[in-house]
Amino acid sequence: MREISQQAVTELKERARSLRCEVIKMLGKAGSGHTGGSLSAADVVACLYFWEMRLDNANPGWPERDRFVLSKGHAAPLLYAALAEKGFIPREELQSLRRLGSRLQGHPDMRKVPGVEASTGSLGQGIAWAVGMALAGRLDAKDYRVYTLLGDGEIQEGEVWEAVMAAAHYRLDNLVAIVDYNGLQIDGAVDKVMSPLPIAAKFEAFGWNTQEIDGHDFRQIMQALEAARGHKGRPSAIVARTVKGKGVSFMENGVDWHGKAPNTEQVERALAELAVN
């Protein structure tokens, strides 16, 4: 198991802060998009892109690369921010989010954006795609790993559980599913709209190696990824308890920020808060 140093944690915190700042700026510029769920998953995505995954920004199609599938495709601003931070796309391109003719659409397009592994947005399909990638890796005798990030509202979709069942059946231990469990979806509280609880127990019942963590504790995220890497014979699920709109006080735990972009004054307030946190 890799040593988790304080320096690594500090660097990841700064990466996550940078991702959140870029999300706020690009959504403010676009005037539309999904803020809350992009901010809630920023710490997990920072750990994936700058601690866990094997990638080469100079060769996005490198056959040995690890794969990341953003199953909750509406959090595309966070993915674009990570790709820019990692060097796959120019940082200045982030300001073209959702503009006519931009390749940075409201949901990611694998045909246009380097580093995007799957065109997602129709909820439930991303994890199914990830299962296929993991199975292909095994059949091709490759040692790459596949990671997919789901929303807690997304797991209300039946297709998710078909994919979960298939992954367990084929014992895909090269697959890790992470659930961004922030408790809120577009119509309200997840447990009131259509409760998927208890999430961890459901994955466990389907035959997955399952962990539940604080999705804003970098050491817990890193330790969970390490434990998943070392687990053999079963796919791994990490249920990450998070806060919708994390990092911006007036957005945190606000369901109205699921699909709303900040105005100019709110962008300035949010960036000021992120600068000192």
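This text follows the structure it describes.
Residues numbered from 1 in each chain as written. Predicted model: local features only at pLDDT ≥ 70, side-chain atom pairs only at ≥ 80, totals over all residues. Heavy atoms only, no water.

Draft legend 1. View of the nonpolar core. Of all hydrophobic cores here, the largest spans 61 residues; its most connected members are Leu48, Tyr49, Phe68, Ile178, Met222 and Leu225. At 10 residues, the largest contribution of residues to this core is made by helix H1 (residues 6-30). Residue contacts for Leu225: discarding those within four places in its chain leaves Cys47, Leu48, Trp51, Glu52, Tyr147, Ile178 and Ile238. Counting 27 residues, the second-largest nonpolar core is a separate cluster that includes Val131, Tyr144, Ile155 and Ala200. (Core = buried A, V, L, I, M, F, W, Y, C linked by side-chain atoms within 4.5 Å. Buried < 20%, exposed > 50% of the residue type's maximum accessible area, 1.4 Å probe, protein only. Helix = DSSP H or I, 4+ residues; strand = E, 2+ residues; numbered from the N terminus. Contact = heavy atoms within 4.5 Å.)

Draft legend 2. Local environment of the packing of aromatic side chains. Applying the stated criterion to the full structure yields 5 aromatic pairs. For the pair Tyr49 and Phe68, a centre-to-centre distance of 5.7 Å together with 75 degrees between the ring planes defines the contact as edge-to-face. Of the two residues, Tyr49 is situated in helix H3 (residues 42-52) and Phe68 in strand S1 (residues 67-70); the sequence distance between them amounts to 19 residues. The pair Tyr49 / Phe68 is uniform in exposure class, with both members buried. Consider the rings of Phe250 and Trp257, whose centres lie 6.1 Å apart with planes at 65 degrees: the pair is edge-to-face. By relative accessible area, which is 3% here, Trp257 ends up buried. By way of ring pairs, the aromatic residues Trp161, Phe203, Phe206 and Trp208 are connected into one cluster. Across the ring face of Trp257, the terminal group of Lys260 is positioned such that the distance to the ring centre comes to 4.2 Å. It is Arg269 that lies over the ring of Phe250; its NZ or CZ is 4.0 Å from the centre. (Phe/Tyr/Trp six-rings, centres within 6.5 Å; stacked < 30°, edge-to-face > 60°. Lys NZ or Arg CZ within 6 Å of the ring centre and 35° of its normal.)

Draft legend 3. Fine view of the pairing of strand S6 (residues 209-214). The pairing of S6 with strand S7 (residues 236-241) spans 6 bridges and is classified as parallel. If you follow Glu212 over to S7, its bridge partner there is Val239. The parallel pair S6 and S7, bridged by helix H9 (residues 218-230), forms a crossover whose chirality is right-handed. (Pairing = 2+ DSSP bridges. Right-handed = clockwise from strand over helix to strand, strands pointing away.)

Draft legend 4. How the structure looks around the pattern of salt bridges. For the coordinates displayed, the defined rule picks out 20 salt bridges. A salt bridge links Arg2 to Glu226, with the shortest nitrogen-to-oxygen separation between them at 2.7 Å. Pair noted here: Arg2 is in the segment before H1 and Glu226 is in helix H9, with a separation of 224 residues, a long-range link. Accessibility expressed as a relative area gives 33% for Arg2, which makes it partly exposed. Classification of Glu226 as buried rests on a relative accessible area of 8%. Across the pair Glu204 and Arg234 runs a salt bridge, and its minimum N-O distance is 3.4 Å. Of this pair, Glu204 sits in helix H8 (residues 199-205) while Arg234 sits in the loop between H9 and S7, placing them 30 residues apart in sequence. Looking at Glu204, the relative accessible area reads 38%, which means it is partly exposed. (Salt bridge = Lys/Arg side-chain N within 4 Å of Asp/Glu carboxyl O.)

It is worth stressing that arrangement in space is one thing and function is another; only the former is reported here.
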